[in-house]
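This is what each chain is made of:
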Amino acid sequence: MSKYQQLLFKRTNETLTRWSKEKKVLGKDLYRFLHSIKGTAASIELPEWSEVANGLLENMDEDDSSYWEIEDVTTLLSSIIDLSNEQQNDILCPSLDKEILFEGEKDKLVLLIEDDISMLTVLKSALEEAGLMVLVAMDAEKGINIFYDQKPDCVIIDYYLPEQDGLDVLTTIQEKANTFFIPIVMISGDQSKKTRIKGFESGADDFIVKPFDLDEFVVRVKRQLQRKDLIDCAVLLDELTGAYNRKFLNLEIEREIYEYTRSNVSFTIAMLDLDHFKNVNDTYGHAVGDEVLKKFVSFINEQKRQSDYLIRYGGEEFVLLLPRSKAKDGEQVVKRLLSGFSKEVFNSHGRSFSVTFSAGVVEVEGHDKCVNHWMKLADDALYEAKRAGRNKVMISDSDNSKNLPASKPVHIAIIDDDEVVRELVGDHFTNLVIDTYDIDVCRFHSGSEFLNSPWSQQQGQYLIILDVMMPELDGFEVLQAIGCQYPESQFTVLMLTGRKSEKDIVRALELGADDYLTKPFGMGELEARVKRLLLRVIR
């Protein structure tokens, strides 16, 4: 972190030097300076700076249009100046508590649908402190869309919502929630027996009456997640498609490797991924997408060899295990399946379409490598098939990737006037690996720089990490401009705010932000959110 701490020291000194020359400082500029330090310092392991800035902000006005004399500014910032002088030459001991809490990608995702912003922020904070990742929606439509896009591990729904109430949401998602054993917790300020019975009759797994104890609430949600884990572990079949699930894959692939060590007969792993499946969901709806998945499994099971096993690996990705077979044998089997399935015709509202898939094949011919090694080789070959135009089958070969065309990148933009945040986040995501996708990162000091940049006009998916408080265009104005100028499906936006202001959060969500994060934050936490948001756009 020393690089980013030095950047903060440098920026602080430059700002104070400039102000000393100008003799006077606009009050709102002073507020923005302290607000920036408050949000940035704790994220780069300078908690004392953040605490001091927060204390000073309590007595300041965000919209102060008066001018401060430089002597008064120096007096106000004396604690910040002292900290800067003390720490610039020190090697700081990192404080890792926040980073450890959010290290890596969080396993469990909770969807919270609540229109009361005070309740939403409190519950989101409590669940995230318990180690869960939370996505939020303030209305039924947004909540339903997130549910189908993300397939959360648990859904929390307020009984009363604007336009559609919680029972309507529950009815809409109940079939899929039951299919995937996703627990639903309903919350309400209505304590009547009639309301509680309606909730349970509509499919709620738990009903919690407001006001409630936060600790008890978190425990009850985590208990629902534990029950889901137990059910998932007890079932070897994928609930939606009837293919085997990943638990079966782990058991069977270990058995195949053991058989190889005993008989020295190799076997083949094929990774199959439906092409442009997101377009099917976006164009025809998730219900039609589910039917495509079911038909795919039905077709493969009917046409594959009796000894082969089809496993749903995740989303629209499947694994085909082919015992006692060489790579060339597996390639021929998969090509035959691809040729047949691509001729299948699907119909929706008078429109017809067909679906293809891409595949990567690897022959397991040794027992000195772990399972993940072979799975990665198969996945790499699948990726090569995608890059080569899709609707293809590739055999794993480390040399194959050398002459393939470059893949379409995932564009990540960091828009923040704070240089420290830009460098910290930009450096982290420049080195990020998400599956085998190319990550293209660009930093912008203002919203207008981003909107006017040729970089923002490229094809492909964008994820925007956008600060709320910036000079010229603030984050909300940038978000509005993005919504007006670009297709919604092309952009995913994560807002950064240095305040737990309810009005800021409401406005961000209403303008189309997909998630928000309050400064200070750990990079592990930010990475987990970015990965989760990208999952729905990069497949």
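Quick notes on the rules
Numbering of residues starts from 1 in every chain and runs along the sequence as written. The model is predicted, so local features are restricted to residues of pLDDT at least 70 and side-chain atom pairs to those at 80 or more, both for listing and for counting; the totals for chains, interfaces and linings are taken over all residues. Based on all heavy atoms of the structure, the side-chain values leave hydrogens and waters out of the count. Salt bridge, as used here, is a side-chain nitrogen of Lys or Arg placed within 4 Å of a carboxyl oxygen of Asp or Glu. Secondary structure elements follow DSSP: runs of H or I no shorter than four residues count as helices, runs of E no shorter than two count as strands, and numbering proceeds from the N terminus. Burial here depends on accessible area, computed with a 1.4 Å probe over protein chains only, as a share of the maximum for the residue type. Under 20% is buried, over 50% is exposed, and the range in between is partly exposed. Strand pairing requires that DSSP identify at least two bridges connecting the strands. What counts as an axis is a line fitted to C-alpha atoms, over the stretch in contact for a helix, and the angles between N-to-C directions run from 0 to 180 degrees. By definition in these notes, contact holds between two residues if any of their heavy atoms fall within 4.5 Å. Note on angle classes: values under 35 degrees are labelled roughly parallel, values over 145 roughly antiparallel, values of 65 to 115 roughly perpendicular, and the remainder oblique. In this classification, Asp, Glu, Lys and Arg are treated as charged, Ala, Val, Leu, Ile, Met, Phe, Trp, Tyr, Cys and Pro as nonpolar, and every other residue, Gly included, as polar. Throughout this description, the term nonpolar core refers to a set of buried Ala, Val, Leu, Ile, Met, Phe, Trp, Tyr and Cys residues connected via side-chain atoms within 4.5 Å.

Undergrad: Help me understand the pattern of salt bridges, please; the structure alone is not making it clear to me.
TA: Oppositely charged side chains can pair when the atoms bearing their charge come close. As enumerated under the stated definition, the model contains 27 salt bridges in all. K124 is the partner of D515 in a salt bridge, and the nearest nitrogen-oxygen pair spans 3.8 Å. Pair noted here: D515 is in strand β19 (residues 515–518) and K124 is in helix α7 (residues 117–129), with a separation of 391 residues, a long-range link. We classify D515 as buried; its relative accessible area is 0%. For K124, a relative accessible area of 2% puts it in the buried group. Residue D308 is joined to R305 by a salt bridge in which the shortest nitrogen-to-oxygen separation is 3.0 Å. The exposure class assigned to R305 is partly exposed, which follows from its relative accessible area of 28%. The network of salt bridges with common partners includes K124, E128, D515, E525 and R529.

Undergrad: What's the story with the sheet that holds strand β8 (residues 267–274) in this structure? I'm lost.
TA: In any sheet, the strands associate via hydrogen bonds between backbone groups, in a parallel or an antiparallel arrangement. Strand order across the open sheet formed by five strands is β9-β10-β8-β13-β14, with mixed pairing between neighbours. Each edge of the open sheet is held by one strand with a lone partner, namely β9 (309–314) and β14 (393–395). Adjacent strand axes in the sheet meet at a mean angle of 20° when their direction is disregarded. Of the strand pairs in this sheet, β9 and strand β10 (residues 317–322) are connected by five bridges, and their pairing is antiparallel. Paired with I311 across the strands is V319, a residue of β10. Along the sheet face, helix α15 (residues 327–341) touches β8, β10, β13 (357–364) and β14 and points at about 165° away from the line of β13.

Undergrad: Explain unusual backbone geometry here, please?
TA: Here K210 and P211 are connected by a cis peptide whose omega angle stands at -10°. Mapped onto the secondary structure, P211 falls in the loop between β7 (206–209) and α11 (214–234). One non-glycine residue, E163, lies in positive phi territory at about 65°. Looking at where E163 falls in the secondary structure, it is placed in the loop between β5 (154–158) and α9 (166–179). Classification of E163 by relative accessible area gives exposed; the value is 86%. In the Ramachandran plot, H349 falls in the positive-phi region, its phi being about 50° despite a non-glycine side chain. With a relative accessible area of 79%, H349 lands in the exposed category.

Undergrad: Please clarify how the packing of helix α13 (residues 277–284) against helix α14 (residues 286–303) should be interpreted in this entry.
TA: Two quantities define a packed helix pair, namely the angle between the helix axes and the distance between the axes. As a packed pair, α13 and α14 sit with axes 7 Å apart at the nearest point and diverge in direction by 140°. One way to sum up the angle between α13 and α14 is to call them oblique. Judged by residue contacts, F277, V280, N281 and Y284 of α13 engage H286, V288, G289, V292 and L293 from α14. Classifying every residue of the contact of α13 with α14 gives six nonpolar, three polar and no charged.

Undergrad: I would appreciate a short explanation of helix α19 (residues 475–485) in the present structure.
TA: Side chains three or four residues apart in an α-helix point the same way, a direct result of the helix having 3.6 residues per turn. Of the positions making up α19, those classed as buried are G475, F476, V478, L479, A481 and I482. Contacts from the buried residues of α19 go to β15 (410–415), α18 (447–451), β17 (461–467), β18 (491–497) and α20 (502–510).

Undergrad: Mind showing me how you'd approach the nonpolar core here?
TA: Across soluble globular proteins, nonpolar side chains show a tendency to be buried alongside one another. L272, F357 and I412 are the most contacted members of the largest nonpolar core, which totals 103 residues. With seven residues, the top contributor of residues to this core is α14. Dropping the residues within four chain positions of it, F357 is found in contact with L272, D273, L274, D275, F296, V334, L337, L338, F341, N391 and K392. Counting 48 residues, the second-largest nonpolar core is a separate cluster that includes V185, L225, F450 and M470.

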